[in-house]
Amino acid sequence: MTGGGHYLVIGAGGLGCPALLGLLAAGAEAITIVDHDVVETHNLQRQILYTVGDVGMAKVEAAAVRLRARAPHLKITPRRVKVDADSLGPLLAELPPHTIVLECSDGPGLKFLVQDACLARQIPLVVGGAQRWRGQAQAVVRGQACLRCVFEEPPPPDLQEPCSAVGVIGAAVGLLGYLMAHLAVSLRAGAAVAGRVWAIDTRTLTPQELQPRPRAGCPACGGPAD
Amino acid sequence: MATIRIPTPLRKYTQGQEEVQVNGGTIEQVLAALEQSAPGIKERICDESGKVRRFVNIFVGDEDIRFLDNLQSVVKDGDEVSIVPAIAGGR
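Only a predicted model underlies this, so the values are computations on that prediction, with no experimental measurement involved.

Cut-offs used in this document
- Residues numbered from 1 in each chain as written.
- Chains lettered and ligands numbered in written order.
- Predicted model: local features only at pLDDT ≥ 70, side-chain atom pairs only at ≥ 80, totals over all residues.
- Helix = DSSP H or I, 4+ residues; strand = E, 2+ residues; numbered from the N terminus.
- Rg over C-alpha atoms; globule rule 2.2 N^0.38 Å.
- Buried ≥ 20, exposed ≤ 12 C-beta atoms within 10 Å, placed from the backbone.
- Contact = placed C-beta atoms within 7 Å.
- Core = buried A, V, L, I, M, F, W, Y, C linked by C-beta atoms within 7 Å.
- Nonpolar A, V, L, I, M, F, W, Y, C, P; charged D, E, K, R; others polar.
- Pairing = 2+ DSSP bridges.
- Right-handed = clockwise from strand over helix to strand, strands pointing away.
- Axes fitted to C-alpha atoms, helices over the stretch in contact; angles between N-to-C directions.
- Parallel < 35°, antiparallel > 145°, perpendicular 65-115°, else oblique.
- Left-handed = near helix turned anticlockwise from the far one by under 90°.

Novice: Hey, could you go over the overall build of chain B for me, with residue numbers and the actual values?
Specialist: Looking only at helices and strands, one finds two helices and five strands in chain B. Since a compact globule built from 91 residues should have a radius of gyration of about 12 Å, the 12 Å found for chain B is in line with a globular shape. Taken over 91 residues, chain B has a buried fraction of 41%. Partitioning the intrachain contacts of chain B with sequence separation of at least 6 by distance along the chain shows that 48% fall at a separation of at least 24.

Novice: Tell me about the nonpolar core, and please be specific about residues and values.
Specialist: Residue and element names in this part refer to chain A. Counting 95 residues, the largest nonpolar core has V9, L20, I33, L102, L125, M180 and A184 as the members making the most contacts within it. With nine residues, the top contributor of residues to this core is helix α7 (residues 170-188). Setting aside its immediate chain neighbours within four residues, A184 contacts Y7, L23, I100, L102 and V126.

Novice: Describe in detail the interface of chain B and chain A, supporting the description with residues and values.
Specialist: With 20 residues of chain B at the interface, the matching set in chain A holds 40 residues. Broken down by secondary-structure element, the contributors of at least two residues to the side of chain B that touches chain A are β3 (56-60) and β5 (80-85) of chain B. Of the residues belonging to the side of chain B that touches chain A, the class tally is nine nonpolar, five polar and six charged.

Novice: How would you sum up the pairing of strand β1 (residues 6-10) of chain A? Please name residues and give values.
Specialist: Residue and element names in this part refer to chain A. In terms of burial, β1 is largely enclosed, as four of its five residues are buried. Sheet analysis places β1 next to strand β2 (residues 30-34), joined by five bridges and oriented parallel. Across the sheet, residue I10 finds its bridge partner in β2, namely V34. A crossover links β1 with its parallel partner β2, the connecting element being helix α1 (residues 16-25), and its sense is right-handed. In this sheet, strand β4 (residues 100-103) lies alongside β1 in parallel orientation, the contact comprising four bridges. For I10, the partnering residue across the bridge sits in β4 and is E103.

Novice: Tell me about the packing of α1(A) against α7(A), and name the residues and values.
Specialist: Residue and element names in this part refer to chain A. Packing of α1 against α7 leaves a shortest axis separation of 7 Å and a crossing angle of 40°. Considering the angle they form, α1 stands oblique to α7. As for how α1 packs across α7, the hand of that crossing is right-handed. From α1, G16, C17, P18, A19, G22 and L23 reach across to α7, where they touch V173, G174, G177, Y178, M180, A181, H182 and A184. Residue composition of the contact of α1 with α7, by class: nine nonpolar, five polar and no charged.

Novice: Explain the environment of A:L49 residue by residue, including any values.
Specialist: All names here are of chain A. One can find L49 in the loop between β2 and α2 (59-70). For the pair L49 and D116, spaced 67 residues apart in sequence, the C-alpha separation works out to 29 Å. Contact partners of L49, with chain neighbours within four places excluded, come to C17, L20, A62, A63 and R66.

Novice: Can you lay out the packing of helix α3 (residues 85-93) of chain A against helix α4 (residues 108-120) of chain A for me, pointing to particular residues and giving the numbers?
Specialist: Residues and elements named next belong to chain A. Where α3 contacts α4, the axes come no closer than 11 Å and their chain directions differ by 35°. Helix-helix and strand crossings are classified by hand; for α3 and α4 the assignment is right-handed. Side by side, α3 and α4 meet where A85, L88, G89 and L92 of the first sit next to L113, V114 and A117 of the second. Taken together, the residues of the contact of α3 with α4 sort by class into six nonpolar, one polar and no charged.

Novice: Describe unusual backbone geometry, with residues and values.
Specialist: Leave glycine aside and you will find that most residues have negative phi; peptide bonds, for their part, are mostly trans. In this structure, A:H98 is a non-glycine residue whose phi angle is positive, near 65°. Tracing the backbone shows A:H98 in the loop between α3 and β4. The exposure class of A:H98 is exposed, given the 11 C-beta atoms found within 10 Å. Phi is positive for B:Q15, close to 55°, though the residue is something other than glycine.

Novice: Break down the sheet that holds β5(B) for me, with residues and values.
Specialist: Residues and elements named next belong to chain B. Taken in spatial order, the five strands make up an open sheet running β2-β1-β5-β3-β4, and their pairing is mixed. Each having just a single partner strand, β2 (19-22) and β4 (63-64) make up the two edges of the open sheet. Across the sheet, helix α1 (residues 27-37) touches β1 (2-5), β2, β3 and β5, and the angle it forms with β2 is around 115°.

Novice: Run through the sheet that holds strand β8 (residues 206-210) of chain A, naming residues and quoting values.
Specialist: Residues and elements named next belong to chain A. The strand order β3-β2-β1-β4-β5-β6-β7-β8 describes an open sheet built from eight strands, whose pairing is mixed. Pairing within the sheet leaves two strands with one partner each, and these edge strands are β3 (75-79) and β8. Across the sheet, the axes of successive neighbouring strands diverge by a mean angle of 15°, strand direction being ignored. Taken together, the seven bridges between strand β5 (residues 125-131) and strand β6 (residues 134-140) define a ladder with antiparallel strand orientation. In the sheet register, L125 faces β6, and the bridge partner there is V140. α1 rests against β1, β2 and β4 of the sheet, and its axis sits at about 170° to β1.

Written as structure tokens, this is what we have:
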């Protein structure tokens, strides 16, 4: 199974770095990397593409340099953009056909926003998240359970727990990032991976697979395929 | 007794335990029993009206309780109940 084709990776941080390496290893032909942030020293513990010398550099540029050094043939498009409701539409509109999206940001609302927008455009995606010791990922295509089938909405701001506040173990984002890349490549290969929620607790080394069903009337995916 | 899998963010209420065994014939009873042994945890799972928060899901085995009977979903001895919150981190 090879990864060929084009991928859009939103977020070049803890999840995005291993996901990018996973896509590269799987034979991706082209990757667009989107992030607005710069490399900071405290990122280096888990954002494995970067070095001390990259501190202060835009993450998308530093990531592009590192990936090109490993795979000169790989077409990398770094986009230093803050993804939000205004920028997401144009970003998705310019994607080449058959792009698969990997949502690797740390914004709860953004994950739902990206998923909803991709579903509306029938763009397959993989959504992942990791905090503290645990990570979970879900490949999403229309007709299978989506993020809103499982979690109807993101937590409200007062109940959100950013990694900057609660921390995240490097192994959790590492495992999840590579898993997200594998799920994306699997989607491209036509494997039946969509809909399931894959999770791992790295403290107890306990994996978990959940098989949610599409929820009737889901505002994002429309529910079960007829 | 049923086994409840506690997600990482809620383990501060269970003294770090990943799994807690409780008695209860329905999800509602199981959550009430969990609250007794881990005070404060239920507020993170359910809202003021007692409903499961929209960014949390609960599974009995592989079944999403929203496809069973929600809080009245039956829980049998030996069942595994998973509390799964939406995780947003990634940076």
